[in-house]
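Geometric and topological summary
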Amino acid sequence: MSLGRYVGRRLAITVPVLVGVTALTFSFVHLLPGDAVDAIVGFRDVSAETEAAIRAEYHLDQPVWDQYLLWLRDAITLEFGESPVTGRDVSATIGRRLPATLALGGAAWLLALAIGIPAGIVTAVSAGKPADEVGRLAALAGIATPNFWLGLILLFVFSVRLGWFRVLPPDAPLVSLATVKFLVLPTITLGTAAAALVMRLLRSSMRRELDAPYVTAARARGLPERTVILKHVLRNAFLPVVTVAGLQLAFLVDGAVVVEGIFSWPGMGRLLVRSILRRDYPVIQAIVLVIGIAIVLANLLVDIIYAILDPRIRY
Amino acid sequence: MSDRQPTTDRGRIRIVGFDDAAEQKRDSDASSDTADAAGTTADPSIASRGATGIDPTTASTSASAFAQPGRRLENAWRRFRRNRSAMAGLAVIIVMAVLAVFARPITVSTAEVTITLQPFSLAPDDPTAMFVGPPNAPPSLAHPFGTDWAGRDQFSRVLVGGRYTLSIGLVAVALALCVGVQLGAIAGYFGGWIDEAIMRVVDVLYAFPFLVLAIAIVPILEPVPILGSGYWTVVVALAVTGWVGYARLIRGEVLSVREREYVTAARALGVPDRTIIRRHVVPNAIAPVVVQATLNVGTVVLTAAALGFLGLGLEPGSAEWGAMLAQGRSSLLRGDWHVTVFPGLAIFLFVLAINLVGDGINDALEPDRDGRDDRRRMR
Amino acid sequence: MALLEVDDLVVQYYTDDGVVRAVDGISYEIRAGETVGLVGESGAGKSAASRAVLRLLDGAGEIVGGEIRFRGHDILELSVDDLRAIRGDEIAMVFQDAGAVFNPVYTVGEQIAETIRTHKDVTDSEARDRTIALIDRVGIPNPAARYADYPHELSGGMQQRAVIAMALACDPAVLICDEPTTGLDVTVQAGILELLAELAATSETAIQLVTHDLGVVAELCDRVLVQYAGEIVERAPVDDLYYDPKHPYTVGLLAATPRLGDDRERLPTIPGTAPDLIDPPTGCRFHPRCPYAEDCCASRRPSLVDPASGRPDNGDPETHVAACLEYTGDLEAGLDYEVQVRDAADSDCRERKQQGEPR
């Protein structure tokens, strides 16, 4: 099967999942207790006109199926209306917050790879030696540390006590020295556990690959150990790491929800938490939809990359 | 081999005498030792290939270990006990559980009577009692972990807080397991449209991060009367989001197990599907699920604490570790470190211990396989 | 001086159940151009012995004693770089399970060419041309197209041919083939054996052939070593071994080889299974399974002797030696077996008997 047809088949599987993701997100306000209008306005008392306006905007007088399709049409054109709580345009709010989250998530992901990959290789190659045991415990500690706790401690030590980093984010644009410097602590907070996960995954998959006959065969051919590890073993060991990139994205999003709040970083995660606390459900709905679609597309991309990396998958 | 080239010279060579001598030896072995005979006389042509012949001199423990489930568990426990870090993790969990249970008396009250189930009280103060000491006091002899902004004893709160965290982790994972294992096993075993339907639901739920999904579920569950206090809201939210992982994992295992001969044989004998799943498929597919569930207790505890930290679910002011950290945040910015350090350390210790135990179980159950191999669940 | 001399080699594996002495003091030599078979049941330590030649034992295995001299230099004393220079260039290996020998994510051609580039001073296109010639030489049709194939795109037989091509990449002086035909279909096996036979006949490469299949040995080898429980129990030129086996184990192996024309109800077998090498039997390691064993076999350990004279092995690889107490005159009852050779006149009788066979 050619790569093109594989991608086509994979796309075909993605469509029902996207439908499911949008349907589930759509039903969110309907699953909330009480009337949908009450849910949308966050259970506040509103005037009759406002209620009528919301009924019209959300097409609540139509059958549920039509409501979904109309909502979907609006969602595709990024028309999420206004927040009944803040009165601001939902799409614009998310559009303003998204770059900040992408910057933080991207930085944390790079940090995770930069630490996780070399550490994974070193610990896998030195199996049974002290380096492996130290690495294993460090990774477990990284996974076990609650990111909100780590964030608070970093904030306390480096911002409050040492005064190295600002406590509040600068007003400067996203791409500026002040912002980059501010991002150091949140990036470490968010990236530590992700790095630990990458390291553990790479370590175990490399250990498994190192036992494979082709490794012995490569050594029997007289290839230098560097080539054996970096060209042959790593290429295969990397495949499982690639497959969890989608899960990693979900993991980073979860982390961002917490970490952005600690560092007052104006991203989507903080917006989500704030919206929950003030019952701004249309905003929550839009954020959840963006996250869900992003992860579905990331998984699609991962599978395509996997097929390119692993020739066996194209049967 | 001679089928290949029946005309070569060696087709003409034939050994006479060895067989007769071997036969005599077999007979004498059989008469002298019945145990020995089991392997050598039953069917010599099979025994000689060394595949099934049970010779008492060579039968090694590892070969027969996988024959009986009892032995398998016993061996796994033996391997687990040898794993020092896993045993240390187990000890930490037990100590934390004991401290949580015996922190304050547990009573069940009805209108007339109050039954005390557990009279001990390790915690010096009532975790909800305010101003048992000065607010935000650093650790001292009277208050080893200091006090929080309301002058509540942190030590007592951390001890009692273990009740929330540990039980949420345990109950949410157990609930998720019940749902996930059943649905996953059904999907994998029956295949077809049932599989398609269940797995598409799994795929859809997988598109939402654990914490984000839980955050969205909490307001849906909150007003449901039975769930009442935030505790069950958190548990159900975490179970609803948690089952998909198990379903996916066990489905993959079942898919591989159901192709094996003993399942085909059981089906051919007319054993009902339910029995096959329960007796043959699940027990053989459960090992990676056990590992996953153990590790997930850690994830669930972290997520529950994150929910508490964000002020969702449990009532504010609860002695839950995550909620305590959230309250410590403002104290921290003023320089009072102790309010955040101890609850955080408690979460860290517990999750670390769970991970050590999970790794230990993985190594003990499947020394040759990595339970967290995500490759097989993606394909 | 022989090309490859193995002297008193001891290999141990460290397992959870104890130390396994997979190879316990074996010695042999291989001269340029000859083909030597190493035969035994699985678990006899054949693979460990041949992997030890290139120091390729996996983590749990260790060479604890002996010498392996290649062109007079002890391989066990070589630096990592010197060893690497020999691997794949002077001594190459053909592994069993060809499907797993290639790295699945690189093309077959790339992996063969990589070997050439590692050892020879060639350009990429020279390495490529040479690889295509090698693929052609091992009998894979359409070699230029197969160069770009991934391993899983080849059939099992073609994979094994490609493995042989990879081993031949640098014209090695010694080729160690570890069960090269195991797991292949009978017809495919025949093709691989033909290829190896042609190789043995036409090239200067010496071959050490490790197998459990006496039929394969008969077809390819000049000399045979029979290994049992980590020790060599018999060494002979190939014809001597088949027409005049001396060690009871060899006799048992030969008797257990199925052939057309057998009029027996079932195949004779060697009773029992290969011994546990953590705690090997005392005395002669074969005695618990040997139909001719006597009391002394359990206590006295036989060494390789000339069966005719009973004198110790003189070291000449062409002499027939066996390790059985019979040849040092210690057995009372002796060995009671006989080798029958049927001539061509029997052939019609063979036809008839074959039909009478149950399978």
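Residues numbered from 1 in each chain as written. Chains lettered and ligands numbered in written order. Predicted model: local features only at pLDDT ≥ 70, side-chain atom pairs only at ≥ 80, totals over all residues. Heavy atoms only, no water.

1. Considerations on the overall build of chain B
Across its full length, chain B holds 15 helices and 3 strands. Evaluated residue by residue, chain B yields a buried proportion of 51% over its 379 residues. Contacts in chain B between residues far apart in sequence, at least 24 positions, make up 62% of those at least 6 positions apart. For chain B, the computed accessible surface area is about 17,300 Å², with 63% contributed by carbon and sulfur atoms. (Helix = DSSP H or I, 4+ residues; strand = E, 2+ residues; numbered from the N terminus. Buried < 20%, exposed > 50% of the residue type's maximum accessible area, 1.4 Å probe, protein only. Contact = heavy atoms within 4.5 Å. Areas by Shrake-Rupley, 256 points an atom, 1.4 Å probe, with all protein chains shown as cover.)

2. Details of the domain arrangement of chain A
Size of an interface: often given as the accessible area lost when the parts come together. All names here are of chain A. With domains assigned, chain A is organised as domain 1 (3–76) and domain 2 (94–309). In this structure, domain 1 and domain 2 have C-alpha centres spaced 32 Å apart. Each partner contributes residues to the interface: domain 1 has 23 residues there, and domain 2 has 17 residues. The contact between domain 1 and domain 2 buries some 1,700 Å² in all, and 76% of this surface belongs to carbon and sulfur atoms. Considering only the surface of domain 1 that becomes buried against domain 2, Arg10, Thr25 and Phe28 emerge as the three largest contributors, covering 25% of it. The interface formed by domain 1 and domain 2 holds 1 salt bridge in total. (Domains from an automatic or database assignment. Buried area = accessible area lost by both parts, 1.4 Å probe. Salt bridge = Lys/Arg side-chain N within 4 Å of Asp/Glu carboxyl O.)

3. Examining the pairing of strand β7 (residues 174–178) of chain C
Residues and elements named next belong to chain C. Of all the 5 residues making up β7, 5 are buried; the element is thus mostly covered by neighbouring parts of the structure. Residues of β7 alternate between two faces, with Val174, Ile176 and Asp178 on one and Leu175 and Cys177 on the opposite face, all of them buried. Pairing analysis gives 4 bridges linking strand β6 (residues 91–94) to β7, with the strands arranged parallel. Paired with Ile91 across the two strands is Val174, which belongs to β7. Looking at chain direction, β7 and strand β8 (residues 206–211) are connected through 5 bridges and run parallel. Within β8, the residue paired with Cys177 across the bridge is Leu209. Crossover connection from β7 via helix α8 (residues 186–202) to parallel β8: handedness right-handed. (Pairing = 2+ DSSP bridges. Right-handed = clockwise from strand over helix to strand, strands pointing away.)

4. With respect to the sheet that holds β7 of chain C
Strand-to-strand pairing in sheets goes through backbone hydrogen bonds, with the strands running parallel or antiparallel. Residue and element names in this part refer to chain C. Strand order across the open sheet formed by 7 strands is β6-β7-β8-β3-β9-β10-β11, with mixed pairing between neighbours. Where the open sheet ends on each side, the last strands, each with one partner, are β6 and β11 (321–322). With 5 bridges connecting them, strand β3 (residues 35–39) and β8 associate as parallel partners. Paired with Val39 across the strands is Thr211, a residue of β8.

5. Quick notes on the nonpolar core
If you look at the biggest cluster of nonpolar residues, it comprises 154 residues, and the most contacted ones within it are Phe148 of chain A together with Ile215, Leu238 and Ile347 of chain B. The element contributing the most residues to this core is helix α12 (residues 273–309) of chain B, with 18 residues. Inspection of this core shows a minimum of three residues originating in each of domain 1 (3–76) and domain 2 (94–309) of chain A. Non-local contacts of Ile215 of chain B, meaning those with residues more than four positions away in its chain, are made with Val257, Leu272 and Ile276 of chain A together with Leu307, Leu310 and Leu312 of chain B. Leu134, Ala229, Leu253 and Cys284 of chain C belong to the second largest nonpolar core, which has 116 residues in total. (Core = buried A, V, L, I, M, F, W, Y, C linked by side-chain atoms within 4.5 Å.)

6. Describing the pattern of salt bridges
Enumeration over the complete set of coordinates arrives at 35 salt bridges over all chains. Notably, a salt bridge pairs Arg248 of chain B with Asp203 of chain B, separated by 2.7 Å at the nearest N-O pair. With Arg248 of chain B in helix α10 (residues 230–257) and Asp203 of chain B in helix α8 (residues 192–206), this pair connects stretches of sequence that are 45 residues apart. Accessibility classification places Arg248 of chain B together with Asp203 of chain B in one group, the buried group. Between Lys120 of chain C and Asp89 of chain C there is a salt bridge; the shortest N-O distance is 3.0 Å. Of this pair, Lys120 of chain C sits in the loop between α4 (108–119) and α5 (124–137) while Asp89 of chain C sits in the loop between α2 (80–86) and β6, and the two are 31 residues apart along the sequence. Accessibility expressed as a relative area gives 16% for Asp89 of chain C, which makes it buried. Each of Arg221 and Lys231 of chain A together with Glu110, Glu114 and Arg117 of chain C takes part in a single network of salt bridges with overlapping partners.

7. Some points on the state of the cysteines
All names here are of chain C. One pass over the structure, following the stated rule, counts 0 disulfides over all chains. Here Cys177 is not disulfide-linked; the sulfur of Cys221 is the nearest cysteine sulfur, at 9.4 Å. Judged by relative accessible area, Cys177 falls into the buried class, the value being 0%. Unpaired in this structure, Cys324 has its nearest cysteine sulfur neighbour in Cys290, at a distance of 6.4 Å. Note on Cys324: relative accessible area 9%, which makes it buried. (Disulfide = S-S within 2.5 Å.)

8. With respect to the UniProt feature "domain: ABC transmembrane type-1" (unreviewed entry) in chain A
When the UniProt feature table is mapped to this numbering, "domain: ABC transmembrane type-1" (unreviewed entry) covers residues 98–302 of chain A. The distance separating the terminal C-alpha atoms of residues 98–302 of chain A is 22 Å; by composition the span is 82% helix and 0% strand. (UniProt positions renumbered as here; feature names shortened; annotations may be inferred.)

9. Structural notes on the packing of aromatic side chains
On inspection of all chains with the given rule, the structure shows 17 aromatic pairs over all chains. Residues Tyr231 of chain B and Trp232 of chain B carry aromatic rings whose centres are separated by 5.3 Å and whose planes lie at 85 degrees to one another, so their mutual orientation is edge-to-face. The exposure class of Tyr231 of chain B is buried, given its relative accessible area of 16%. With a centroid separation of 5.1 Å and 85 degrees between ring planes, the pair formed by Tyr228 of chain C and Phe286 of chain C is classed as edge-to-face. With Tyr228 of chain C in strand β9 (residues 223–228) and Phe286 of chain C in the loop between α11 (248–255) and β11, the pair connects residues that are 58 residues apart, well separated along the chain. With respect to burial, Tyr228 of chain C and Phe286 of chain C carry one shared label: buried. The structure contains a cluster of three or more aromatic residues connected by ring pairs, namely Phe26, Trp65, Tyr68 and Trp71 of chain A. Positioned over the ring face of Tyr147 of chain C is Arg128 of chain C, at 4.4 Å from the centre of the ring. (Phe/Tyr/Trp six-rings, centres within 6.5 Å; stacked < 30°, edge-to-face > 60°. Lys NZ or Arg CZ within 6 Å of the ring centre and 35° of its normal.)

10. Considerations on the UniProt feature "transmembrane region" (unreviewed entry) in chain A
Residue and element names in this part refer to chain A. Under the UniProt annotation, "transmembrane region" (unreviewed entry) lies at residues 12–32, 106–125, 137–162, 182–202, 237–263 and 283–309. The span residues 106–125 carries 100% helix and 0% strand; its end-to-end C-alpha distance comes to 28 Å. Counted over residues 283–309, helix gives 100% and strand 0%. Its end C-alpha atoms are 39 Å apart.

11. Digging into the interface of chain A and chain B
Listed per partner, the contact involves 59 residues of chain A and 49 residues of chain B. When chain A packs against chain B, the two sides together hide about 4,700 Å² of surface, and 73% of this comes from carbon and sulfur. When residues of chain A are sorted by the area they lose upon contact with chain B, Phe148, Trp149 and Leu152 of chain A head the list and together hold 13% of the total. Counting the contacts that link chain A with chain B gives 2 salt bridges. The shortest N-O distance in the salt bridge between Arg136 of chain A and Asp359 of chain B comes to 3.3 Å. There are 7 residue pairs in polar contact (both at pLDDT 80 or more) connecting chain A and chain B. Broken down by secondary-structure element, the contributors of at least two residues to the side of chain A that touches chain B are α1 (3–31), α6 (130–144), α7 (147–161), α8 (177–210), α10 (225–243), α11 (245–262), α12 (268–277) and α13 (281–309) of chain A. (Polar contact = N/O pair within 3.5 Å; in protein donor to acceptor, adjacent residues only side chain to side chain.)

12. Re unusual backbone geometry
Residue and element names in this part refer to chain C. With a phi angle near 55 degrees, Asp8 is a residue other than glycine that sits in the positive phi range. Non-glycine residue Glu179 carries a positive phi angle of around 45 degrees. As for its position among the elements, Glu179 is in the loop between β7 and α8.

13. A few points about the confidence of the model for chain B
Across chain B, the average pLDDT comes to 74, with 75% of residues at 70 or higher. The ipTM, which scores confidence in the relative placement of chains, is 0.86 for this predicted complex, and the corresponding pTM is 0.80. (pLDDT = per-residue confidence, 0-100.)

14. Comments concerning the packing of α11 of chain A against helix α9 (residues 210–221) of chain B
Closest axis-to-axis distance for the α11 of chain A/α9 of chain B pair is 7 Å, and the angle between their directions is 60 degrees. Classified by the angle between their axes, α11 of chain A and α9 of chain B sit oblique to one another. Together, Val253, Asp254, Val257 and Val258 of chain A of α11 of chain A and Phe210, Leu211, Val212 and Ile215 of chain B of α9 of chain B make up the contact between the two elements. Considered class by class, the residues forming the contact of α11 of chain A with α9 of chain B number 7 nonpolar, no polar and 1 charged. (Axes fitted to C-alpha atoms, helices over the stretch in contact; angles between N-to-C directions. Parallel < 35°, antiparallel > 145°, perpendicular 65-115°, else oblique. Nonpolar A, V, L, I, M, F, W, Y, C, P; charged D, E, K, R; others polar.)

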